[in-house]
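Understanding the architecture of this molecule
This is what each chain is made of:
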Amino acid sequence: MTSSKNFSFIIAAAGKGSRMGAQKQFMKLSGRELWRWSAENAATLSNSGIREIILVIPENESLVPEWHSDIPLKVVNGGSERALSVLNGLNAAMCDYVMVHDAARPFATPELFKRLIDVASEDVGVVPVLPVSDALKRIEGDEVSCVERDGLYITQTPQVFPRKKLIEAVRNFPSAKDEAEAWFKLHLKLKRVEGERLNFKATVKEDIMIARALTETKITRTGLGWDIHRLVPERKLILGGVEIESPLGLLGHSDADVLTHAVMDSILGGAGLPDIGNIFPASDERFRGADSIELLKEVMRLVEAEGWEVEFVDAVLTAQIPRLNKYRDEIIKSMAEFFPFNIKFKSAEELDDSGKGLCMTCRAIATLGKVIESACV
Ligand code: MG
């Protein structure tokens, strides 16, 4: 049944995000800006009377968001204070009722919006509330006293009001903490509906971490890398970008950093990409004498461009000479510029070619993670 009441859904997204050091309302959660989560939920409720969505963005900014819905989205600029921003939204609104919502509450559900719509009526404001669940204290200077929490509730958004009366309330009480407070100060009646635990306000970075944990699904892959280079006189020995004191060095087209080569192949393997021989062919003169750390930077760019994060790389380097353990910390530090890293050194018990001091081999295994989809909240 189509509702006889009509609602403008106003999203306050004009905050400066001073507590988070960024405009969080435009941060993305699983590929969608925070404000868009509630805007898209509101847009499903045309049958319940929501006729338009009004996004209030910071003053002096412009935004033309992509929007695919029969319910129109208007973008208006806010002011220097929350009350001025909400007023701009209220003045742009066309409907008899308004629902004023914080952009930073992405998980408010259509069910909550419907509960509010059902209770909305003339001369009444409706707010979602939840009982306070923590014990409360009041701090005054060094004094700590206990506050009885019975009867205390936290208030969420959206809050629903008849539009014209709310304009009057916000104009008269611009320093109110929320629209309900301005409404209340005008001696108008407030009603409540039950809020939602997940409808929390993303205020500090820990809130965003929780929001990400709720919405992002991560896949993990491992990749294997292996490399071998001959040990010869009159070459530098470079491992993991660190120059090692040694009578012999590794032979190769580049700097022959066998460790970095195996590491790069493990990372490329995890990302499902071909090996470094394909990406930096030995036939290409640009790579003669190349610094393998520079090649590693390029590999990181390639995998990060595909959305992968390198979470950890572990490696085993097999070499009879020289003794490498004293370089372990320096090599780990060099690789830690890129990702958490571990290395072990093995002599090959004088058994195979590396054990006989003819070559060095390295094996590496990389763990990569990628966010692939959003969960339904
Ligand atoms: Mg190599």
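For the structure given in this document, a descriptive report is provided here. All values derive from a computational prediction rather than experimental measurement. (Residues numbered from 1 in each chain as written. Predicted model: local features only at pLDDT ≥ 70, side-chain atom pairs only at ≥ 80, totals over all residues. Heavy atoms only, no water.)

**Details of the overall build of the protein**
- When helices and strands are tallied, the protein shows 10 helices and 19 strands.
- The globule rule puts the C-alpha radius of gyration for 377 residues at 21 Å, and the 30 Å found for the protein is more than 25% above it.
- Burial analysis of the protein (377 residues in total) assigns 49% to the buried set.
- For the protein, contacts bridging at least 24 residues in sequence account for 71% of all contacts bridging at least 6.
- Surface accessibility of the protein: about 19500 Å² in total, with carbon and sulfur atoms responsible for 50%.
- Here the protein holds 47 positive side-chain charges and 55 negative ones, and the gap between their average locations is 5 Å. (Helix = DSSP H or I, 4+ residues; strand = E, 2+ residues; numbered from the N terminus. Rg over C-alpha atoms; globule rule 2.2 N^0.38 Å. Buried < 20%, exposed > 50% of the residue type's maximum accessible area, 1.4 Å probe, protein only. Contact = heavy atoms within 4.5 Å. Areas by Shrake-Rupley, 256 points an atom, 1.4 Å probe, with all protein chains shown as cover. Lys, Arg positive; Asp, Glu negative; His and termini not counted. Charge placed at Lys NZ, Arg CZ, Asp CG, Glu CD.)

**Points about the side chain of Glu-196**
- With respect to the helices and strands, the residue Glu-196 is situated in the loop between strand 12 (189–194) and helix 6 (205–215).
- Only 2.4 Å separates the side chain of Glu-196 from the side chain of Thr-109, close enough to count as a polar contact.
- Excluding residues that lie within four positions of it along the chain, Glu-196 makes contacts with Phe-107, Ala-108, Thr-109, Leu-112, Arg-115, Leu-130 and Gln-156. (Polar contact = N/O pair within 3.5 Å; in protein donor to acceptor, adjacent residues only side chain to side chain.)

**As for the coordination of the magnesium ion**
- Here the magnesium ion is held by Asp-227 (OD), His-229 (NE2) and His-261 (ND1), and the distances to it run 2.1 to 2.2 Å.
- Sequence positions of the residues that donate to the magnesium ion give the spacing D-x1-H-x31-H. Each member of the pair, Asp-227 as well as His-229, is classed as buried. (Donors = N, O, S within 2.8 Å, 3.2 Å for Na, K, Ca; no water.)

**Considering the layout of surface pockets**
- Looking at the second largest pocket, its volume works out to about 250 Å³.
- Together, 16 residues line the second largest pocket, and Ser-254, His-261, Ile-276, Gly-277 and Phe-280 are the ones closest to its centre.
- Of all the elements in the fold, those that place two or more residues in the lining of the second largest pocket are strand 13 (216–233), helix 7 (258–270) and helix 8 (276–279). (1 Å grid on protein atoms, 1.4 Å probe; cavity = no way out; pocket = protein on both sides within 12 Å on 5 of 7 lines; lining within 4 Å. Points joined across faces, edges and corners; volume = space filled by probe spheres on them.)

**So, the packing of aromatic side chains**
- Applying the stated rule across the entire model yields seven aromatic pairs.
- With a centroid separation of 5.1 Å and 50° between ring planes, the pair formed by Phe-161 and Trp-183 is classed as tilted. Note that Phe-161 is positioned in strand 11 (residues 159–162) and Trp-183 in helix 5 (residues 179–185), a separation of 22 residues in sequence. Taken individually, Phe-161 and Trp-183 each receive the classification buried, so the pair is uniform in this respect.
- Within the aromatic cluster, the residues linked to one another by ring pairs are Trp-37, Phe-107 and Phe-200.
- Lying over the aromatic face of Trp-37, Arg-32 brings its terminal NZ or CZ to 3.9 Å of the ring centre. (Phe/Tyr/Trp six-rings, centres within 6.5 Å; stacked < 30°, edge-to-face > 60°. Lys NZ or Arg CZ within 6 Å of the ring centre and 35° of its normal.)

**Thoughts on unusual backbone geometry**
- Put simply, Thr-157 and Pro-158 share a cis peptide bond, and its omega is 5°.
- Relative to the assigned elements, Pro-158 resides in the loop between strand 10 (153–155) and strand 11.
- Residue Ile-321 is joined to Pro-322 through a cis peptide bond whose omega torsion reads -15°.
- On the secondary structure map, Pro-322 appears in the loop between strand 17 (309–318) and helix 10 (328–335).
- Positive phi values are uncommon outside glycine, yet His-187 reaches one of about 60°.
- For His-187, a relative accessible area of 75% puts it in the exposed group.

Any functional reading would require information that these geometric values do not contain.
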